[in-house]
Amino acid sequence: MVSKLARMARSAADAHGIVQEQPELNPRQKAHPVAWHAAGERTGAEPAELFGVARPTVHRAVRERRPRDEGWPAAAGSARGRIMA
């Protein structure tokens, strides 16, 4: 039922030229959660709500811009973060 309604809504949106894009953080916005995280001031949910994005978007921004030499775990997908057997 839900998927049928979703398809109908998507086709109606396409007919009207509505583009559904996920919100992103611009570089200036990314700097704020990174600084807040480094200072331990806010959680991921607070900046996400403030900037109108999802929590994973904030966590991704923090992970991408964190200092590499502070012993943080490597980003997902990099060989440094995986256990090699």
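Residues numbered from 1 in each chain as written. Predicted model: local features only at pLDDT ≥ 70, side-chain atom pairs only at ≥ 80, totals over all residues. Heavy atoms only, no water.

Enquirer: For this particular structure, what's the right way to read helix 2 (residues 27-39)?
Expert: Three or four residues apart is the spacing at which side chains of an α-helix point the same way, because the helix has 3.6 residues per turn. Its 13 residues place the ends of helix 2 19 Å apart at the C-alpha level, agreeing with the 18 Å of an ideal helix rising 1.5 Å per residue. Among the residues of helix 2, Pro33, Val34 and Trp36 are the ones counted as buried. Around the axis of helix 2, the buried residues are gathered within 165° of arc, so they sit on the same side. Residues of helix 2 that are exposed and point more than 90 degrees away from the buried face comprise Pro27, Arg28 and Ala38. Those residues of helix 2 hidden inside the fold are in contact with helix 3 (45-51) and helix 4 (55-65). Its side-chain oxygen 3.0 Å from the backbone nitrogen of Arg28, Asn26 forms the N-cap of helix 2. Following helix 2 by one or two positions, Gly40 adopts a phi angle in the positive range, close to 70°. (Helix = DSSP H or I, 4+ residues; strand = E, 2+ residues; numbered from the N terminus. Expected span 1.5 Å × (residues − 1). Buried < 20%, exposed > 50% of the residue type's maximum accessible area, 1.4 Å probe, protein only. Arc of directions from axis to C-beta. Contact = heavy atoms within 4.5 Å. Polar contact = N/O pair within 3.5 Å; in protein donor to acceptor, adjacent residues only side chain to side chain.)

Enquirer: Can you help me understand the environment of Val58 in this one?
Expert: Looking at the element boundaries, Val58 is found in helix 4. A C-alpha to C-alpha distance of 8.1 Å links Val58 and Ala45, two positions 13 residues apart in sequence. Dropping the residues within four chain positions of it, Val58 is found in contact with Leu25, Pro33, Gly44, Pro47, Ala48 and Val53.

Enquirer: Honestly, helix 4 in this entry has me stumped. Any pointers?
Expert: Of all the residues in helix 4, the buried ones are Thr57, Val58, Ala61 and Val62. Taken end-on, helix 4 shows its buried residues confined to a sector of 135°, consistent with a single buried face. Close packing links the buried residues of helix 4 with helix 2 and helix 3.

Enquirer: Looking at this model, I keep getting lost on the nonpolar core. Mind explaining?
Expert: As a rule of thumb, nonpolar side chains are buried together in soluble globular proteins. Among the nonpolar cores identified, the biggest contains seven residues, and these are Leu25, Val34, Ala48, Val53, Val58, Ala61 and Val62. For this core, the element with the highest residue contribution is helix 4, accounting for three residues. Residue contacts for Ala61: discarding those within four places in its chain leaves Leu25, Lys30 and Val34. (Core = buried A, V, L, I, M, F, W, Y, C linked by side-chain atoms within 4.5 Å.)

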